[in-house]
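Below, each chain spelled out in residue letters.
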Amino acid sequence: MAVGGFGAVDASANDFNGKITLSIVITCIVAASSGLIFGYDIGISGGVTTMKPFLEKFFPGILRKAASAETNMYCVYDSEVMTLFTSSLYLAGLVSSLLASRVTTALGRRNTMILGGCFFFAGGAMNGAAENIAMLILGRILLGLGVGFTNQAAPVYLSEIAPPKWRGAFNTGFQFFIGIGVVAANCINYVTASHKWGWRLSLGLAIVPATIMTIGGFLISDTPSSLVERGKIDQARQALRKARGPMIDVEPELEQVIKWSQVSKVVEQESFFTIFEKQYRPQLVMAFAIPFSQQLTGINIVAFYAPNIFQSVGFGNSSALLSAIILGLVNLASILVSAAVVDRFGRRFLFIVGGIQMLVCQIVVAIVLALATGVHGTEHMSMGNAIVILVLLCFYAAGFGCSWGPLCWLVPSEIFPLKIRSTGQSIAIAMQFLTIFILSQTFLTMLCHFKFGAFLFYAGWIAVITIFIILYLPETKGIPLDSMYTIWGKHWYWRRFTVKEQVNQDNLP
């Protein structure tokens, strides 16, 4: 038995005819499309900040710095206002993700996604029409509110509606749509970069993914668990029939969902604090550790500033944007690989393999940068070395897309019992936004001072979190959500926090 792992768990007891139906596929695709808005923003922000008309209007100091022969390549984009433009979204997302716990309980998963789409639409429209920094920041805040709501609700929706055997593959769809959003945004930036008004179109087109996911939300039903939680039993029965197929008897599964909901309502008044009880210590640690660790791989920093990084190391503006497109396509392809194997090889395997791949790439990138640009980053980098950096970052993005990308959404959404599921997911998403906010606020300054050492910084963290996964994350592959508590009682470390009465209770969520 591997450290942190265990033998097979009987996952079939409550797997009520968990077959893939056309309705399940369509519903999960629509729900996963919520990832479009997050991906679009990740991709669009970095590209827009390389556009000269945008910089002339809002950040002229960066253009002056870039024209200075004394500025080293690492410090060109070191600007407090620039980082505020990028990171303000994540501060708003932090706030809305904490509120989303109550909102999803009151309104349901689907309606929370729709609400997020509306906020994102308003933010995109305001950014496209921005005339000053204040409008830009306000638009980013609205975008952040939208992303916070959808990132909390969509992964939980997917985990609750998907058959346990295929939960990993369907939940990976959320990350896949994030990848589509990133690639689409980079392509739009590439086309619009040559036009004076291009930045307005890039920012304003955020209303398109917002419209797609909002309209799609109206076309699907909420999850049976969410409907039962709000007392809508008949609608939950209809949703189950639609999901499982007309020939399947859904009453046993519905009765089980009702039982979970009744147990969860016993602690409804103290639901936020319940997660801090000793018996939920493993889930609480993972709610903090997994999203925190994902951001310490450095992926969103690379995605935000990929065009800036490529432009700094020797690519021209259009070449830098094209390189970002290539990076996004590699990430997208790797997510498909993850979806194909996550329910076969398991979550731990992908975490470990992807972590090792990213670790090696970050170290080699740091070495190439140090040798090519010198210790102070003032030497000119050749096109050959710039291409080497691009290839290494593509391998890095592939490692992330197979592991931490989709699994950061999947694992937190499946490990929480129903009574703390909304709270747990809110904590996980809030932790992610808090970490992104801190890193995006500090990355450009850190890059300026650490230079190539910034990539060694992330390499060190990747090593630490990979060891953490090996030691402390049990396998969740194929286990029904209502049986997920069994994995902690079998783990070498977490079993000390497990309440025996809880494990012995029949199907306690």
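Please read all numbers here as calculations on a predicted model, not as lab measurements. (Residues numbered from 1 in each chain as written. Predicted model: local features only at pLDDT ≥ 70, side-chain atom pairs only at ≥ 80, totals over all residues. Heavy atoms only, no water.)

**Student:** Help me understand the overall build of the chain, please; the structure alone is not making it clear to me.
**Tutor:** Looking only at helices and strands, the chain has 24 helices and 0 strands in total. Considering the chain as a whole, with its 509 residues, one finds that 61% of them fall into the buried category. In the chain, 82% of the contacts between residues at least 6 apart in sequence involve partners at least 24 apart. As displayed, the chain has an accessible area near 18,800 Å², and 67% of this comes from carbon and sulfur atoms. (Helix = DSSP H or I, 4+ residues; strand = E, 2+ residues; numbered from the N terminus. Buried < 20%, exposed > 50% of the residue type's maximum accessible area, 1.4 Å probe, protein only. Contact = heavy atoms within 4.5 Å. Areas by Shrake-Rupley, 256 points an atom, 1.4 Å probe, with all protein chains shown as cover.)

**Student:** Could you clarify how one ought to interpret the packing of helix α7 (residues 133-161) against helix α21 (residues 418-450) in this entry?
**Tutor:** Where α7 contacts α21, the two axes come as close as 10 Å, and the packing angle between them is 135°. Considering the angle they form, α7 stands oblique to α21. In this structure, the crossing between α7 and α21 has a hand that is right-handed. Where α7 approaches α21, its residues Val-147, Gly-148, Asn-151, Gln-152, Pro-155, Val-156 and Glu-160 are matched on the opposing element by Leu-418, Arg-421, Ser-422, Gln-425, Ser-426, Ile-429, Gln-432 and Phe-433. The residue makeup of the contact of α7 with α21, split by class, is 6 nonpolar, 7 polar and 2 charged. (Axes fitted to C-alpha atoms, helices over the stretch in contact; angles between N-to-C directions. Parallel < 35°, antiparallel > 145°, perpendicular 65-115°, else oblique. Left-handed = near helix turned anticlockwise from the far one by under 90°. Nonpolar A, V, L, I, M, F, W, Y, C, P; charged D, E, K, R; others polar.)

**Student:** What am I meant to see in the environment of Gly-181 here?
**Tutor:** Structurally, Gly-181 is set in helix α8 (residues 167-192). Note: C-alpha distance between Gly-181 and Ile-37 (144 residues apart in sequence) is 6.6 Å. Apart from residues lying up to four places away in sequence, Gly-181 is in contact with Leu-36, Gly-39 and Tyr-40.

**Student:** Would you take a moment to explain the pattern of salt bridges for this structure?
**Tutor:** Should their charged atoms come close, side chains of opposite charge can pair. Scanning all chains against the criterion turns up 10 salt bridges. Across the pair Asp-222 and Arg-230 runs a salt bridge, and its minimum N-O distance is 2.6 Å. Classification of Arg-230 by relative accessible area gives partly exposed; the value is 21%. It is possible to trace a salt-bridge network through shared partners that takes in Lys-57, Glu-131 and Arg-200. (Salt bridge = Lys/Arg side-chain N within 4 Å of Asp/Glu carboxyl O.)

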